[in-house]
Amino acid sequence: MKTLRNRIRISRFSAIATAISISWLIGTDCSFGQDDAAKPADAILKRFVAECVSITPGREKFPLEFQMGRHFEGPMALPERTIKMSQPFRISKFEMTQELYAAVMGSNPSRWKGPRNSVESMTYTDAESFCSKLTTRLQAAMLIEATEIVRLPTEAEWEYCCRAGTATRYSFGDAAALETDKDPIASILNEYAWHTSNAAGNDPAVGVLKPNPWDLYDMHGYLWEYVSDSEGSREATDKKPPASDRSTCIIRGGSWRDRASDLTSGARRSMPTQETSDAIGFRCVIVRESAQ
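Model, not experiment: these values are computed from the prediction. (Residues numbered from 1 in each chain as written. Predicted model: local features only at pLDDT ≥ 70, side-chain atom pairs only at ≥ 80, totals over all residues. Heavy atoms only, no water.)

Enquirer: Looking at this model, I keep getting lost on the side chain of R81. Mind explaining?
Expert: Note that R81 resides in strand β3 (residues 81-84). Within the local environment of R81, its side chain forms a polar contact with the backbone oxygen of P79, the two atoms lying 3.0 Å apart. (Helix = DSSP H or I, 4+ residues; strand = E, 2+ residues; numbered from the N terminus. Polar contact = N/O pair within 3.5 Å; in protein donor to acceptor, adjacent residues only side chain to side chain.)

Structure follows, in structure tokens:
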């Protein structure tokens, strides 16, 4: 994940992922220069809201129910069961960017700097504080309604969005690698996720690779993402559990430090709420306050 000028290991990228990165940079306005760093805060706030994806369970392509906990084994695996989603919400298309985090919090804790890179190295408590402050800013700017808030997604909301109507190991299918790949290479996964075998040699912006079927980016890989449920919340729902002074939290999705098997739709880990890592970030949801 170091900058290209400091590392010459670009050869470790798959050809497909590199081509996608180049076409994305040409086709979007997500530059890496000083102009983005100096972008007015109101423009950054508007961009965040505009980039959220509306999710309405039970309507059109969004199923009312899904199977949670599939395709993941180990001590942190959830029991597989049917979850019924009851509340519509909006979820950020991308992991939280450094430009928005800095605009709201006044600082950028990230190790790997870039305005449109995913922000990392904050605690779970910091992420929740960010959501509260962003809610205040968006309400004041009338970019969300007074009855709406920004918060971390619940585990059910997160996995529902990661699976995006699929029942496979990943949102793009069951296989991460081609039969000709040698471990840990995962050529199929390379098109959708930054993971341990393709993340050397760059500081990627959000959304460089392919999205899942609901147009959500980096749900697999790049950074693990905080969710609002506590470690003991085994009966997950789409409603946020009561706030508590807990010592651990849950992260989902895998990161650039992890192998393909840790990037499945069901993968999860426990994390101390006051620890930080350059492999952990988050994304937010916008919901009506009564939907907590």
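Enquirer: Would you mind going over the nonpolar core with me for this structure?
Expert: What tends to happen in soluble globular proteins is that the nonpolar side chains get buried as a cluster. Residues F48, F130, Y226 and F282 are the most contacted members of the largest nonpolar core, which totals 57 residues. Among the elements that line this core, the one with the most residues is helix α5 (residues 124-140), at six residues. Those residues in contact with F282 that lie beyond four places of it in its chain are E95, M96, Y101, V119, M122, A127, F130, L152, W224, E225 and Y226. In this structure, F94, V206, L209 and L223 belong to the second largest nonpolar core, which totals 13 residues. (Core = buried A, V, L, I, M, F, W, Y, C linked by side-chain atoms within 4.5 Å. Buried < 20%, exposed > 50% of the residue type's maximum accessible area, 1.4 Å probe, protein only. Contact = heavy atoms within 4.5 Å.)

Enquirer: Which parts of the structure should I look at to understand the sheet that holds strand β4 (residues 89-92)?
Expert: Strand pairing in a sheet is mediated by backbone hydrogen bonds. Such pairs are either parallel or antiparallel. Across the sheet, which stays open at both edges, the four strands sit in the order β1-β4-β10-β5 with antiparallel pairing between neighbours. The open sheet is flanked by β1 (52-55) and β5 (148-151), the only strands paired with a single partner. Along the sheet, successive strands turn relative to each other by an average axial angle of 25°, direction set aside. Across the sheet, helix α6 (residues 155-163) touches β1, β4, β5 and β10 (285-288), and the angle it forms with β4 is around 70°. (Pairing = 2+ DSSP bridges. Axes fitted to C-alpha atoms, helices over the stretch in contact; angles between N-to-C directions.)

Enquirer: I would appreciate a short explanation of the pattern of salt bridges in the present structure.
Expert: When the charged atoms of two side chains with opposite charge come close together, those side chains can pair. Counting across every chain of the model gives 19 salt bridges. For the salt bridge of E157 with R151, the shortest nitrogen-to-oxygen distance reads 2.9 Å. Both residues of the pair, E157 and R151, count as buried. Taking the shortest distance from any N to any O, the salt bridge between R252 and E159 comes out at 2.8 Å. Of this pair, R252 sits in strand β7 (residues 248-252) while E159 sits in helix α6, and the two are 93 residues apart along the sequence. Taking relative accessible area as the criterion, E159 reaches 0% and is therefore assigned buried. (Salt bridge = Lys/Arg side-chain N within 4 Å of Asp/Glu carboxyl O.)

Enquirer: Looking at this model, I keep getting lost on the packing of aromatic side chains. Mind explaining?
Expert: Between two aromatic rings, the relevant description is the distance of the centres plus the angle of the planes. Within this structure, the stated rule accounts for eleven aromatic pairs. Measuring from centroid to centroid gives 5.1 Å for F94 and Y217, while their planes differ by 35°, and the two rings are tilted. With F94 in the loop between β4 and α4 (98-105) and Y217 in the loop between α7 (187-190) and β6 (224-227), this residue pair connects regions lying 123 residues apart in the sequence. One exposure class covers both F94 and Y217, and it is buried. Here F130 and F282 contribute two aromatic rings whose centre-to-centre distance is 5.4 Å and whose plane-to-plane angle is 65°, an arrangement assigned as edge-to-face. Of the two residues, F130 is situated in helix α5 and F282 in the loop between β9 (280-281) and β10; the sequence distance between them amounts to 152 residues. Given a relative accessible area of 0%, F130 falls into the buried group. Judged by relative accessible area, F282 falls into the buried class, the value being 0%. An aromatic cluster of three or more residues is present, and its members are F62, F66, Y160 and W214. (Phe/Tyr/Trp six-rings, centres within 6.5 Å; stacked < 30°, edge-to-face > 60°.)

Enquirer: Is there a simple way to explain unusual backbone geometry in this structure?
Expert: What you tend to see is this: most non-glycine residues have negative phi, and most peptide bonds are trans. The linkage connecting D183 with the following residue, P184, adopts the cis geometry, with an omega of 5°. In this fold, P184 is placed in the loop between α6 and α7. A positive phi angle is found at D218, which is not glycine, with a value near 60°.

Enquirer: How do you make sense of the confidence of the model for the chain when you look at a structure like this?
Expert: Close reading of the predicted structure is inappropriate where its pLDDT is low. Scored by pLDDT, the chain comes out at a mean of 84, with 79% of its residues at no less than 70. Contacts of residues 2-38 to residues separated by more than four positions or lying in other chains number 55 contacts, the stretch itself having pLDDT below 50. (pLDDT = per-residue confidence, 0-100.)

Enquirer: Hey, could you run me through the sheet that holds β7 in this one?
Expert: Reading across from one edge, β8-β7-β6-β9 is the order of the four strands in this open sheet, with mixed pairing throughout. The strands lining the two open edges of the sheet, one partner per strand, are β8 (268-272) and β9. In this sheet, β8 lies alongside β7 in antiparallel orientation, the contact comprising five bridges. When the bridges of β8 are listed, I250 appears paired with S270. Sheet strands in contact with α6 are β6, β7 and β8, and its direction is about 10° off that of β7.

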